[in-house]
Amino acid sequence: MAAAVLGMWLPIYFGPLGEWMKENPPPFIAWMEQHTTFAVVLFMAATALAVLGSMARQPNEPQPVAELAETLAIAVAEQWRREEAALQLQAPWPIPLRWDNTARPVADHWEAINGTHNLGEPVDLSGRLDGDGRADDDGIVAVFHRVASRRLVILGAPGAGKTVLALNLVLHLLDQRQEGERVPVLLPMGSWDPAQETLHSWMARRLAEDDPALRSRSRSGATLGQELIASGQVLPVLDGLDEMPPQARAEALAALSRQLGRGEPLVLTCRADEYQRTVGSTVLTAAAVVELCPLDPADLRTYLRVSTVPARTGGWDPLFAEVESTPGGPVAQALSTPLMAWLARTAYADTTAEPAELLAEQGGVRRFADRTAVEEHLLERLIPAVYSRDLPGEDTRRWSGEEAQRWLSFLARHLDKFRTPDLAWWQLGTTVPLASRMVLVGIATGLVYGLLSCLVHGLGGFGLMDVLVSGLLNGSTTGLSLGLAHGVVARFIDGAFQPSRVRLSIRGRQTGRARPRVLPRFMAGLAIGPIAQVTGNLLAGVVNVAAYQEPFWLLARVLNAGFWSLVVGVGAALVLGSTALFEEPIATQEATSPTGLLNTNRAAVLRQALVLGVVFGLLILLGSWVMAGLLPRHMWGVTVVWTPALGLRWGILSGLGSAVVAALALTAWGRWVILARGWLPLTGRLPWAVSAFLEDAHRRGVLRRNGAFYQFRHTRLQHHLAPVPPPLPPQRRSRRRGRLSGLPRQSGPRPRGRARQ
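As the structure is a computational prediction, the values presented were derived from the model and not from experiment.

This part takes up the overall build of the protein. When you go through the protein residue by residue, the secondary structure sums to 28 helices and 16 strands. For the protein, with 757 residues in total, the buried portion stands at 52%. Just so you have it, the protein exposes about 33800 Å², and 60% of that area is on carbon and sulfur atoms.

Looking now at the environment of Asn 599. Following the sequence through the fold, Asn 599 ends up in helix α23 (residues 594-630). Along the primary structure Asn 599 and Trp 669 are separated by 70 residues, whereas in three dimensions their C-alpha atoms are 9.3 Å apart.

Assignment of secondary structure puts Arg 716 in helix α27 (residues 715-721). Considered as a pair, Arg 716 and Pro 158 are 558 residues apart in the sequence and their alpha carbons are 7.5 Å apart. With residues near it in sequence (within four places) discarded, Arg 716 still touches Leu 339, Met 340, Glu 375, Glu 376 and Leu 379. One polar contact links Arg 716 to Glu 375, side chain to side chain, over a distance of 3.0 Å.

By the secondary structure assignment, Thr 667 is in the loop between α24 (644-666) and α25 (668-682). Residue Thr 667 is classed as buried on the basis of its relative accessible area, which comes to 19%. A distance of 2.4 Å separates a polar side-chain atom of Thr 667 from the backbone oxygen of Ala 663.

One pass over the structure, following the stated rule, counts eight aromatic pairs. Judged by centre distance (5.4 Å) and plane angle (55°), the ring pair of Trp 426 and Phe 709 falls under tilted. Taken as a pair, Trp 426 in the loop between α18 (401-418) and α19 (434-459) and Phe 709 in strand β15 (residues 709-712) lie far apart in primary sequence, 283 residues in all. The same class applies to Trp 426 and to Phe 709, which are both buried. An aromatic cluster is defined as three or more aromatic residues linked by ring pairs; in this entry it consists of Trp 425, Trp 426, Trp 672 and Phe 709. The ring of Phe 144 carries the charged tip of Arg 150 above its face, separated from the ring centre by 6.0 Å. Note that Arg 713 overlies the ring of Trp 342, its terminal NZ or CZ placed 3.8 Å from the centroid.

Let us now look at the pattern of salt bridges. Within the structure shown, the criterion is met by 17 salt bridges. As a salt-bridge pair, Arg 205 and Glu 197 come within 2.9 Å of each other at their nearest N and O atoms. The partner of Arg 716 in a salt bridge is Glu 375, and the shortest N-O contact between them spans 3.0 Å. With a gap of 341 residues between them, Arg 716 in helix α27 and Glu 375 in helix α17 (residues 371-386) connect regions that are remote in the sequence.

Turning our eyes to something else, we now look at the packing of helix α5 (residues 65-86) against helix α8 (residues 162-176). α8 packs onto α5 with a crossing angle of 135° between their chain directions and a minimal axis gap of 10 Å. Here α5 is positioned oblique relative to α8, judged by the angle of their axes. Crossing of α5 against α8: the hand is left-handed. Mapping the contact onto sequence places Ala 73, Val 76, Ala 77, Trp 80, Arg 81 and Glu 84 in α5 and Leu 167, Val 170, Leu 171, Leu 174 and Asp 175 in α8.

Counted at 1.5 Å a residue, the expected span for α25 with its 15 residues is 21 Å, and the 20 Å between its end C-alpha atoms agrees. Buried residues dominate α25, accounting for eleven of its 15 residues. Restricting attention to buried positions, one finds in α25 the residues Ala 668, Trp 669, Gly 670, Arg 671, Trp 672, Ile 674, Leu 675, Ala 676, Trp 679, Leu 680 and Pro 681. Just downstream of α25, Gly 684 is the residue with a positive phi angle, here 80°.

Thresholds, definitions, all that
- Residues numbered from 1 in each chain as written.
- Predicted model: local features only at pLDDT ≥ 70, side-chain atom pairs only at ≥ 80, totals over all residues.
- Heavy atoms only, no water.
- Helix = DSSP H or I, 4+ residues; strand = E, 2+ residues; numbered from the N terminus.
- Buried < 20%, exposed > 50% of the residue type's maximum accessible area, 1.4 Å probe, protein only.
- Areas by Shrake-Rupley, 256 points an atom, 1.4 Å probe, with all protein chains shown as cover.
- Contact = heavy atoms within 4.5 Å.
- Polar contact = N/O pair within 3.5 Å; in protein donor to acceptor, adjacent residues only side chain to side chain.
- Phe/Tyr/Trp six-rings, centres within 6.5 Å; stacked < 30°, edge-to-face > 60°.
- Lys NZ or Arg CZ within 6 Å of the ring centre and 35° of its normal.
- Salt bridge = Lys/Arg side-chain N within 4 Å of Asp/Glu carboxyl O.
- Axes fitted to C-alpha atoms, helices over the stretch in contact; angles between N-to-C directions.
- Parallel < 35°, antiparallel > 145°, perpendicular 65-115°, else oblique.
- Left-handed = near helix turned anticlockwise from the far one by under 90°.
- Expected span 1.5 Å × (residues − 1).

Right, dumping it as structure tokens:
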């Protein structure tokens, strides 16, 4: 809006018609100049009404813990049913899974598992998953109920189907769940640090990331998520012990045995070899262990044949013959896991490529001589295959396989660097070094504030040169201040750039939910306001002195800093403290997907920025009026002038302008806009439509969703894409060589003959 108004206004005032319009202003322009105060007041009133209207939604009603468990069960079931459909686990044909009691010495004594000293006989836990497995007597749920302790560890080779089996268990338990029974919740273990968090506190944090209502605190002081777990309403299904750092796995197993009470159920998945290495002198207490079997050749044949159109099924015959004749060969070994069977179907069933290429020879030697080579080739074929076909839907954007490969490799390296499988949109900016982030944030906020400054000073009747100088000085000092502030916050305040999971509601206090404490917010505002004002004014004073060669401007900025530190500090304390009373957690459905959380966070940030902007604008209006009354009318040969219109203009610039640039510099959404939607696409590391690309990759089966996070479909795919950075196109490479420079609080132009306050 500011750019559009400025673009229309500049040619009128500084074009060839400028002098004529000053002598013969059109009636509309003359009226606007005479009624600037009225127009600005109308704008601020409309903004306030819009904000209040958006806050007047029906508040979320509080729920008892038992009702929260039912709500959680519904949300978990909806989430994982959608994910099961998106990953096509049952279509076009399910891959059968088989498992048996493990032969490895990693299970506890059967007396401990069965709960009595005279029941030491092993229980047969073998089973098979055909179709969805929800009605089979030998399915995973039936096996789970055979374990008296309700503690089960699922082992398997990489890609053997551990997560699929755990997901099937969760959905089946939810299908048969009776009111009051535990809610099975699938949680990835890669985000747990047992040295820093207990099991229950980590579970409560992860649950609250998907259901923000569980962050609220009850009268006991515990969060609702903690109460839900403490009251025995949650069955943890922990996926991927092997995704934790090796040194943390033993700590995690020890913590599970120590922190789980007798009778508390648990399901855990892990790669078989990693689990055996982790289990040394200890085991998971009272846990039975099953291990997934290699894929049967007959099941492999059925899956690949039925998943392919009849006209192309003959292309699999050479592969089937190889698997049957050489069961120990590289192709048979590679296709013994469901992951590789799915990759083979994806690479060859719906494309023009022939499966026989896996058997190709070069100079009498097999092109893919061992299992690893076959698996790497199938992983390499995935991206070109899934991006070679169109998907039904409204979004018709298409990305080539080469582009998708480059961008997904960048994301995989980002996850490998931070040793996590969770891809969060608010963390994409961390791929840029902190020093570069500070420069980029400073440039972006400086440009926005400088543009607003040009608009405000232009409406105030300044000349073109004064307007441009104002924009440059205000933008540079503001950008420098906020660039430094971004660096300090990112370096010293852990979790500062987490997306907000609350919204403002006028009737929020009626929900009965515990609010964040007002006093910490009040004290934070009281500290931040003066620091920002002193820093910004001193920087502006130095720039003013350098520009105008008069020490008067440094003294004026010192006076400004002293007065505005009090005004802005009190204002920030009141606004931040009072908004805590009107915050309530967002609805569960708004945070169970990455795009949903992004949209909600954007709306919350902009709404809060408008609230802050209007309040600060009014405070600056009143403060400038008081300051003009306290200062002598003549200072150092210049006249101090204050008018309501001038105060309102400065209120808009300093109030709304500061709120907007602060939202860009100091929030998760702002960092997303500047870095993930701006800098990373500009340098070719991500596409311009980042959200659409991630959602498209999810629909194509490359990514999966776990609450507000994306994950690669399998960690093997993530590690395959990560090692070698793909080369940038020439045009991108040339852009990257461009040199960035940092821009050096609010500073206005020097009017002729008088000083405006």
